[in-house]
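Survey of secondary and tertiary structure
Listed below, chain by chain, are the residues.
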Amino acid sequence: MTLDPTVVPGHADPPIAASRPSWLALRARPEYASKARAFASTAVFGYPFDAYEIALIVSELVTNAIRAAMALRAWPDDSYPIGVELLATARYVHLAVTDPDHRPMPAPDQGGLLAEHGRGLTIVDQHAADRWVTYAEHGKTVHVVIAAPGVTLTVAELTARHAPA
């Protein structure tokens, strides 16, 4: 009989992995932004990040991706054109949100604090150590790196995130 390690006295929890990659495919519908928030909050569990902050950033990026996908065309129910990848480490989280729209991202809206649209990337940039976009023939990916509290990422760490895997 094997004892359940969660009830063995004096047993320590297993250490958190050095990194934990996670991914999610989403439909191009507004209600799927909430699934992305829940996914992100769960993916950073056990790491030194504010789950609400990570969920907010993912929500902004996924909402933009859903809008971009919906602007292209109507998507059938069996299609999942939005991709979310999250790599959590003790020093940073790397988010990558992919949508099928290969067109360049629009310039930030200068509508100010009272604007109803266009402030999402400003919110993302306030929390991010770095943000960039990669383009492909059939889509684009917005990448965001968020440093852990109290961590200042080195230029080498940020540059390594930009390198293709």
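Bear in mind the structure is a predicted one, so any value in this text is a computation, not a measurement.

1. Some points on helix α1 (residues 32-43)
Taking 1.5 Å of rise per residue, the 12 residues of α1 would be expected to cover 16 Å, and the 17 Å separating its terminal C-alpha atoms lies within 8% of that figure. Within α1, the full set of buried residues consists of Tyr32, Ala33, Ala36, Phe39, Ala40 and Ala43. Projected down its long axis, α1 carries its buried residues within an arc of 115°, all on one side.

2. Side note on the pattern of salt bridges
Side-chain pairs of opposite charge can arise whenever the charged atoms involved come near each other. Tallying each qualifying case throughout the model produces five salt bridges. Between Lys140 and Asp99 there is a salt bridge whose closest N-O contact spans 3.1 Å. Pair noted here: Lys140 is in strand β5 (residues 139-147) and Asp99 is in strand β3 (residues 92-99), with a separation of 41 residues, a long-range link. Among the residues examined, Lys140 registers a relative accessible area of 5% and is labelled buried. Accessibility expressed as a relative area gives 4% for Asp99, which makes it buried. With its nearest N and O atoms 2.6 Å apart, the salt bridge here joins Asp125 to Arg131. A relative accessible area of 36% means that Asp125 is categorised as partly exposed. Given the relative accessible area of 27%, Arg131 is considered partly exposed.

3. Comments concerning the side chain of Arg27
Along the chain, Arg27 falls in the loop between β1 (19-26) and α1. Asp77 provides the closest opposite charge to the buried, unpaired Arg27, separated from it by 5.3 Å. Among the polar contacts made by the side chain of Arg27, one reaches the main-chain carbonyl oxygen of Asp77 at a distance of 2.6 Å.

4. Quick look at helix α3 (residues 120-127)
When α3 is considered as a whole, its buried residues turn out to be Gly120, Leu121 and Val124. Within α3, the buried residues cover an arc of 90° as seen down the axis, which keeps them to one side.

5. Considerations on the nonpolar core
In this structure, Ile54, Leu61, Val62, Leu86, Val93, Leu95 and Val144 are the most contacted members of the largest nonpolar core, which totals 34 residues. Put simply, the parts of the chain that give this core at least two residues each are α1, α2 (51-72), β2 (82-89), β3, α3 and β5. Considering every element that reaches this core, the biggest residue donor is α2, with eight residues. If we ignore the near neighbours within four places in the chain, the residues touching Val93 are Val44, Phe49, Ile54, Leu86, Leu87, Ala88, Val144, Val145 and Ile146. In this structure, Tyr92, Trp132, Leu153 and Leu158 belong to the second largest nonpolar core, which totals six residues.

6. Quick look at the confidence of the model for the protein
The share of residues in the protein with pLDDT of 70 or more is 78%, and the mean pLDDT across the chain is 83. Low pLDDT (under 50) marks residues 1-15, which in the prediction has two contacts with non-local residues, meaning those over four places away or in another chain.

7. Remarks on the packing of aromatic side chains
Taken as a whole and judged by the stated rule, the model has zero aromatic pairs. Against the face of Trp75 rests Arg73, its NZ or CZ located 3.7 Å from the ring centre.

The rules we used
- Residues numbered from 1 in each chain as written.
- Predicted model: local features only at pLDDT ≥ 70, side-chain atom pairs only at ≥ 80, totals over all residues.
- Heavy atoms only, no water.
- Helix = DSSP H or I, 4+ residues; strand = E, 2+ residues; numbered from the N terminus.
- Expected span 1.5 Å × (residues − 1).
- Buried < 20%, exposed > 50% of the residue type's maximum accessible area, 1.4 Å probe, protein only.
- Arc of directions from axis to C-beta.
- Salt bridge = Lys/Arg side-chain N within 4 Å of Asp/Glu carboxyl O.
- Lys, Arg positive; Asp, Glu negative; His and termini not counted.
- Polar contact = N/O pair within 3.5 Å; in protein donor to acceptor, adjacent residues only side chain to side chain.
- Core = buried A, V, L, I, M, F, W, Y, C linked by side-chain atoms within 4.5 Å.
- Contact = heavy atoms within 4.5 Å.
- pLDDT = per-residue confidence, 0-100.
- Phe/Tyr/Trp six-rings, centres within 6.5 Å; stacked < 30°, edge-to-face > 60°.
- Lys NZ or Arg CZ within 6 Å of the ring centre and 35° of its normal.

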